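Descriptive structure summary
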Amino acid sequence: MPEATFHFPDDFRWGTATAAHQVEGNNTNNDWWAWEQEEGRIKEGHKSGLACNWWERAEEDFDRAAELGQNAHRLSVEWSRVEPREGYFDDAALDRYRAMLRALRERGLEPMVTLHHFTNPLWLAEMGGWENPRAAILFERYVARVVEALEEFCDLWCTVNEPNVLVYMGYLAGVFPPGKQDFQAGMRAGRNLMRAHALAYRRIHALQPHARVGFAHNLRIFDPANPRSPMDRWIAGLQDRGYNEAFLAAPIRGRWLFPLGFGFAWRLRGTLDWIGLNYYTRDLVAFDRCRPESLFGRNIHAPDAELLDGGYGEFYPDGMERALKRLSYLDLPIYVTENGIPDADDDQRPRYIILHLHRLWRVLQGCVPIMGYYHWTLVDNFEWAEGWTLRFGLIELNPETGERTFRPSAYLYRDICRANAITPEVIDQYAPALRPVLLP
Ligand code: IFM
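To start, this report covers the structure provided alongside it. Numbers given to residues run from 1 along each chain, matching the order in which its sequence is written. Local features in this predicted model are restricted to residues whose pLDDT is 70 or higher, and side-chain atom pairs enter the listing and the counts only when it is 80 or higher, whereas totals over whole chains, interfaces and linings include all residues. Just so you know, side-chain values use all the structure's heavy atoms and leave hydrogens and water out.

A closer look at the overall build of the protein
Strands are runs of DSSP state E lasting at least 2 residues, helices are runs of H or I lasting at least 4, and numbering of each runs from the N terminus. For the protein, the count of helices and strands is 15 helices and 15 strands. We compute the radius of gyration from the C-alpha atoms alone; for a globule the expected value is 2.2 Å times N to the 0.38, where N is the number of residues. In terms of overall dimensions, the protein is globule-like: its C-alpha atoms have a radius of gyration of 21 Å, near the 22 Å expected for 440 residues. Here the protein, with 440 residues, has 60% of them falling under the buried criterion. Sequence separation of at least 24 residues holds for 73% of the intrachain contacts in the protein that already meet a minimum separation of 6. Here, Shrake-Rupley sampling with a 1.4 Å probe gives the accessible areas, and only protein chains in the shown set may cover a residue. Summed over its atoms, the accessible surface of the protein is roughly 17100 Å², and 50% of this surface lies on carbon and sulfur atoms. Placing the 49 positive and 61 negative side-chain charges of the protein at their respective mean positions leaves the two points 6 Å apart. Burial classification: accessible surface area is computed with a 1.4 Å probe over protein chains only, and a residue below 20% of its type maximum counts as buried, one above 50% as exposed, and the rest as partly exposed. Contacts are assigned to residue pairs that have any heavy atoms within 4.5 Å of one another. His is not counted, nor are the chain ends, whereas Lys and Arg count as positive and Asp and Glu as negative. Note on charges: their place is set at NZ of Lys, CZ of Arg, CG of Asp or CD of Glu.

Dropping the structure here:
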């Protein structure tokens, strides 16, 4: 009897995901560049610098992605390049993005374009960033320019990446710009980001009626540390609501949920053609009344959990299945817009990829419309406050020399993309320890 092979749908999208500031290099005109220059902001004083030098040479990495059997790529456009001064749009920057998208198409990679991935033009940051209600309107105007310039090559748009992460890291933990620890300011910024999403959604459809528009939601699993403790259950539920549910309720149900807000958000309702899932890990949550900044929760790991490098969290593939099943109730096509692991020596990534894709495959068996998977990421890139200390790439980068080295996982992912399946051969070659788990 032939051994089980886990097949994916014929038109499944296999790609990697990237973000402008993390790969382009020399993005000197945004709030992140300024943040990097401040002492103590980035681990080991690292800077994005030339990053992966995509502004000059993205095409060389697109060649690598195509060589690795991928048929899709998610990248972002940098607002501060397109609109370096308020109201002034730089056609040369838009031309560069046109060239990138053309290059992707020529290599058989379908682009998904993200319009906001954490960074803000300096001029916007100076006027209060996302706390300023004008930000959403200014974003809509920028989006219109980008869509007019790029629509020939793209109809799959991701308005905003992980608004919940931006709010949490920038306004509660204070480790991303603007570096605040101010709950009210964070919720204002969160509402404006979701308003910006909705304005962009409608504007894109007005310009390109057949466009497919969504946003990328970082869905983190929050489980009670002690499932028998009502306080742990309550606090895990509260964190889930604040981090996950509130950001979905606005564009789906047209409701502001606490802590993002209260009442109706009618104009946001129905502004998703698809939903993006960025899934990485889960937390166990214990009640702790001394931690108001994390909604009275202490986030810990299961005592027996395998941990990811750099304190990134638990290795928890079941979370992929749980997150996808949860999103399936929204009745929307789903893209896994990010999933990956910091793992410089690539000793966990092969198992991570196979197990997470296996859980995704299981959800597909229930006829859930999962359209594609974008691994985070193609080449090691600048990991925000962690600088270059966390390496998420299928391809290793030496940021000093630009030299690239394929990790074994690059070939593993290539073999899955080419076969459009997880085959027994892939399991045996790259993660034999999984044979008894997946092929009993
Ligand atoms: O690098 C980030 C990305 O910018 C947003 N999602 C999570 C990734 C890994 O931390």
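Looking at the environment of Pro177
Position of Pro177 among the secondary structure elements: in the loop between helix H8 (163-172) and helix H9 (183-207). The exposure class of Pro177 is buried, given its relative accessible area of 9%. The spacing of Pro177 and Glu126 is 51 residues in sequence and 12 Å in space, taken between C-alpha atoms. Setting aside anything within four residues of it in sequence, one finds Pro177 in contact with Asp31, Trp32, Trp35 and Gly170.

Considerations on empty space enclosed by the protein
Here a cavity means grid points, on a 1 Å grid over the protein atoms only, where a 1.4 Å probe fits yet cannot get out; a pocket means an open set of points with protein on both sides within 12 Å along at least five of seven lines; lining residues are those with an atom within 4 Å of a point. Grid points are joined across faces, edges and corners, and a volume is the space filled by probe spheres set on the points. For the structure shown, the criterion picks out 1 cavity of 30 Å³ or more. Volume-wise, the largest cavity comes out at about 50 Å³. In this structure, the largest cavity is lined by Ala19, Ala20, His21, Ser76, Val77, Glu78, Trp79, Leu115, His116, His117 and Thr119. By the convention adopted, Pro, Cys, Tyr, Trp, Phe, Met, Ile, Leu, Val and Ala count as nonpolar, Lys, Arg, Asp and Glu as charged, and the other residues, Gly among them, as polar. Residues belonging to the lining of the largest cavity are distributed by class as follows: 5 nonpolar, 5 polar and 1 charged.

So, the sheet that holds strand S10 (residues 297-300)
Strands in a sheet are paired, the pairing made by backbone hydrogen bonds, and the direction either parallel or antiparallel. The strand order S7-S9-S10 describes an open sheet built from 3 strands, whose pairing is mixed. With one partner strand each, in any of the chains shown, strand S7 (221-224) and S10 form the two edges of the open sheet. Going from strand to strand, the sheet's axes swing by 40 degrees on average, the running direction of each strand aside. As paired elements, strand S9 (residues 282-287) and S10 share 4 bridges and run antiparallel to each other. Directly across from Phe287, in S10, lies its bridge partner Gly297. The axes are straight lines fitted to the C-alpha atoms, using for helices just the contacting stretch, and the angles between their N-to-C directions are given from 0 to 180°. Lying over the sheet, helix H10 (residues 230-253) contacts S7, S9 and S10, oriented at roughly 130 degrees with respect to S9. A pair of strands is considered paired only if DSSP assigns at least 2 bridges between the two.

Here we look at the site of the ligand
Being near a molecule or strand, for a residue, means having at least one of its heavy atoms within 4 Å of it. Residues in contact with the ligand, as listed here, are Gln22, His117, Phe118, Asn161, Glu162, Tyr280, Tyr312, Glu338, Trp376, Glu383, Trp384 and Phe392. One nitrogen or oxygen atom from the side chain of Glu162 is found 2.9 Å from a nitrogen atom belonging to the ligand. The side chain of Glu383 places a nitrogen or oxygen atom 2.6 Å from an oxygen atom of the ligand. In isolation the ligand exposes 280 Å². Once the protein is present, 96% of that is buried. Think of it this way: if more than half of a molecule's atoms are within 2 Å of a pocket's grid points, that molecule is in the pocket or cavity. Among the detected pockets, the ligand sits in the largest pocket. Nitrogen and oxygen atoms within 3.5 Å of one another constitute a polar contact, given that in protein one can donate a hydrogen and the other can accept it, and given that sequence-neighbouring residues count only through two side-chain atoms.

A word on the packing of aromatic side chains
A pair of aromatic rings is counted whenever rings of Phe, Tyr or Trp (Trp by its six-membered ring) have centres within 6.5 Å, and the orientation is called stacked for planes under 30 degrees apart, edge-to-face for over 60 and tilted otherwise. For the structure on display, the rule yields 31 aromatic pairs. Both rings, one in Trp274 and one in Tyr335, keep their centres 5.2 Å apart while their planes meet at 75 degrees; by these two values the pair is edge-to-face. Residue Trp274 is found in strand S8 (residues 274-278), and its partner Tyr335 is found in strand S11 (residues 334-338); the two are separated by 61 residues along the sequence. Both residues of the pair, Trp274 and Tyr335, count as buried.

Looking at the environment of Trp274
Of the residues examined, Trp274 reaches a relative accessible area of 1% and is grouped as buried. C-alpha of Trp274 to C-alpha of Val213: the two residues are 61 residues apart in sequence and 6.5 Å apart in space. Apart from the residues lying within four places of it in its own chain, the contact partners of Trp274 are Met112, Leu156, Trp157, Cys158, Arg212, Val213, Gly214, Phe215, Leu332, Pro333, Tyr335 and Thr337. A polar side-chain atom of Trp274 sits 3.2 Å from the main-chain carbonyl oxygen of Arg212.

Focus on helix H11 (residues 318-328)
Taken residue by residue, H11 has Gly319, Met320, Glu321, Ala323, Leu324 and Leu327 as its buried positions. In this fold, the buried residues of H11 make contact with S7, H10, S8, S11, helix H12 (349-364) and strand S12 (370-375).

Section: the packing of H11 against H12
With their axes 8 Å apart at the nearest point, H11 and H12 run at an angle of 30 degrees to one another. If you check the angle between H11 and H12, you find them roughly parallel. Considering the relative orientation of H11 and H12, their crossing is right-handed. Listed contacts from H12 to Asp318, Met320, Glu321, Leu324 and Lys325 of H11 are His356, Arg359, Leu360, Arg362 and Val363. When its residues are assigned to classes, the contact of H11 with H12 shows 4 nonpolar, 1 polar and 5 charged. The scheme is simple: roughly parallel for angles under 35 degrees, roughly antiparallel for over 145, roughly perpendicular for 65 to 115, oblique for anything else. Put simply, a crossing is left-handed when the front helix is turned counterclockwise from the back one by less than a right angle, and right-handed when it is turned clockwise.

Concerning the sheet that holds S11
The 8 strands lie next to each other as S2-S3-S4-S5-S6-S8-S11-S12, forming a closed barrel whose pairing is parallel. Direction aside, neighbouring strands of the sheet carry axes that sit 25 degrees apart on average. Here 4 bridges tie strand S2 (residues 13-17) to S12, and the two strands are oriented parallel to one another. Bridging from a neighbouring strand, Arg13 pairs with Gly372 of S12. The strands that H8 touches are strand S4 (110-116), strand S5 (156-161) and strand S6 (212-218); relative to S6, the one it contacts most, it runs at about 40 degrees. Contacts from H10 reach S6 and S8 within the one sheet, and its direction differs from that of S6 by about 165 degrees.

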